[in-house]
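# Tertiary structure, described
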Amino acid sequence: MKINFGDGPQRKGCPPISTDNADTLRLFAGWMLWGPRGVRSPGTLSSKIKLLRPFFIISSRENIRVEALGRHPKLIDELCIQLKPKSLPETIRMLTALYEQRKQIGGYILGPEEIKRLTAIRKEDSRRQTPYIPPRIWKYQLNRLREVLEEYIEFKDKIEQCHEFCLDAYIKNYGSIDSAYSPSRNYDIAPFGDPPNTAEHTRLLEFHGSFHNTAARFGIDNLLCKYRKISESSIPIYALSQYMRMITEAGCAYIINLSLMRIEEAWRLKLNCLKTESDSTLGTIYMLEAPTTKTIDDNRAVWVTSSEVSVAIDAMASIAAMRKSAMPSFSNIQPRRSHHDFYLAPPVWAPWVSVGRISLQSEKRQAYTSYRRLVEENPRLFDAKELTITEEDLYFALRLNPDLDTKLFKVGSVWPLAWHQLRRTGTVNMQASGIVSEASLQYQLKHLSRAMTMYYGRGSAYVNLDEGTRTEYLKAMFEVQGKKIDKLFNDSFVSPYGAQRKAEILRPVNGITANKLSTAAKEGRVSWRETLLGGCTKRGPCEYGGIDNIIRCGGGDGKSPCADALYDRDKKQRVIKLSNVISERLRHATEGTPHYASLIAQRSAVQKVLNVIS
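Residues numbered from 1 in each chain as written. Predicted model: local features only at pLDDT ≥ 70, side-chain atom pairs only at ≥ 80, totals over all residues. Heavy atoms only, no water.

### A word on the pattern of salt bridges
Evaluation of the coordinates by the stated rule reveals 21 salt bridges. We note a salt bridge from R136 to E386, for which the minimum N-O separation is 3.5 Å. Here the residue R136 occupies a position in helix α7 (residues 135–174), and E386 occupies one in helix α17 (residues 384–387), the gap between them amounting to 250 residues. A relative accessible area of 32% places E386 in the partly exposed class. Between K156 and D157 there is a salt bridge, and its shortest N-O distance comes to 3.8 Å. (Salt bridge = Lys/Arg side-chain N within 4 Å of Asp/Glu carboxyl O. Helix = DSSP H or I, 4+ residues; strand = E, 2+ residues; numbered from the N terminus. Buried < 20%, exposed > 50% of the residue type's maximum accessible area, 1.4 Å probe, protein only.)

Here it is in structure tokens:
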């Protein structure tokens, strides 16, 4: 396979690339081949080079090095018109990876601000963006899923014992597990029901009456009725399998919320899917490993996740073990599968459930259901009132999705949950954990966001990260940065130097209509990072550590406050609380120590901020 780097003979109408830029393109091609997660096929390499060629062509046309392209905003605007929207996420991912590994590679094309400018490209198709689940509803369904999974863990032993008892009862009456699955089996001798009126049958068989008596004996009768409309006095045995399937699907939903996987990827997880990696900064990083068909040489991909997913994996693993124990011997799966290579969501094997012979004798599993159907089949899984859209919910949803279908998503209607919404919402919430009001969940999201940013944003060389999730994560990262800026025009944000300084900061986007403000923000005309006091509009990193340290922001070091800072009046109570915490720590600090001096500077900064926002 030959690759045209643009500095040799060209076809008619094909723009050339200068020798210097072509050599840089060759350098990047070498990194694509032998760098972290190198390409595994010539076609993939050719496709990646094709995505980067426009940057080299336009640079060569203007007689500049491609590394200097970021200093020419008009050329980037021209590229915005040329680049195809469908290929933009992959292009952004590649540009970000090049920048993050610029020291190892020896060069890059665009920096973060210029990459944000590229995201202003508008989609040419008319498809609506995946709906963003409002924070209140998203938080409710996440916490509710965890409650259900933790409840299963509490009853796990009783459920497993009941399942084993039922399976043994079927084997006892039918003679073997295979006979219990036979299409020609005698339904009259099923162990849960009234015995037949023949002495021949009753002499050797055991009957246990209605299944609800057995469920009550094991203490799970109320549990099996809790999520479906089933009478406690007439619980059918298939209710046990229905409950087990609900837990499996709830576990998948919980995992998707905290890993950004697609449902088809979560459905392929196996018992040994949870992995860990130690990081000197973040401690233990949790990852999920699942089979993928995207590569030939390595058929596994990895997703960064939270330690919280272990409750879902434990619950699903328990059910998978029960499914495996009920597997007929004539299934061709059993001899080839070790315990750890077993699916977390295996086929529904149970002799009391009607299953086709295809599912018994092959590796084909039941297809995953939709999230909405999971809710509909288990009407007590979620409280419909909690899923009902409020005015505030709709406000949040429209902020992230201006083109939301307001006929479907309207105040008073139940939010129609869908698997793909979890991925979209998760990527946004990882970037803007402050949207979620619950403190413990905020902490969890912030920690997970740091891990994902380190791996997805910086191109970790140690794991085979799922590229689709990485692209989606980076796309959301730039989008959320732009969304936060549209609040800056509110009166709640003030500059320590008055309205004139705030106007200077916002001048690049002043006069732009509200519906276009987010796009302007994505272009990088204004930079914004949230702080304890409000936010910072400084482009690039803060040399004083101002994102995490308020001293320089508020002028607590004896100098004037930072000119790039904006204080948020809505955070006044939080700043007062911070002042009280600092005062309390000062009472226990030793005078003359660096710690004491730092607290004095922090107290001074906080007081100056309160003077501005009060």
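That covers the picture; the talk isn't over yet.
### Quick word on the side chain of N378
Structurally, the position occupied by N378 is in the loop between α16 (371–377) and α17. What makes N378 buried here is its relative accessible area of 2%. A distance of 3.3 Å separates the side chain of N378 from the side chain of R228, its partner in a polar contact. If sequence neighbours within four positions are ignored, N378 has contacts with Y227, R228 and M246. (Polar contact = N/O pair within 3.5 Å; in protein donor to acceptor, adjacent residues only side chain to side chain. Contact = heavy atoms within 4.5 Å.)

### Structural notes on the nonpolar core
The biggest cluster of nonpolar side chains holds 93 residues, and the ones touching the most others in it are F211 and Y371. If you tally residues by element for this core, the top one is α7, at 16 residues. With sequence-adjacent residues up to four places away left out, F211 is seen in contact with C162, C166, F192, L224, I235, P236, I237 and L240. In terms of nonpolar packing, the next biggest core, distinct from the first, is built from 35 residues, V39, F55, L69 and L79 among them. (Core = buried A, V, L, I, M, F, W, Y, C linked by side-chain atoms within 4.5 Å.)

### Remarks on helix α14 (residues 310–325)
In this model, α14 (16 residues) spans 22 Å end to end at C-alpha, consistent with the 22 Å of a helix rising 1.5 Å per residue. Restricting attention to buried positions, one finds in α14 the residues V311, A312, I313, A315, M316, S318, I319, A320, M322 and R323. The secondary structure elements touched by the buried residues of α14 are α7, α12 (238–257), β1 (274–279) and β2 (283–291). (Expected span 1.5 Å × (residues − 1).)

### Observations regarding the packing of aromatic side chains
With the rule as written, the count across this model stands at 17 aromatic pairs. Arranged with centres 4.7 Å apart and planes meeting at 5°, the rings of Y371 and W419 form a pair that is stacked. Taken together, the residues Y371 in helix α16 and W419 in helix α19 (residues 419–431) connect sequence positions 48 residues apart. Neither Y371 nor W419 differs from the other in exposure class; each is buried. Directly above the ring of Y99 sits R102, whose terminal nitrogen or CZ lies 4.0 Å from the centroid. (Phe/Tyr/Trp six-rings, centres within 6.5 Å; stacked < 30°, edge-to-face > 60°. Lys NZ or Arg CZ within 6 Å of the ring centre and 35° of its normal.)

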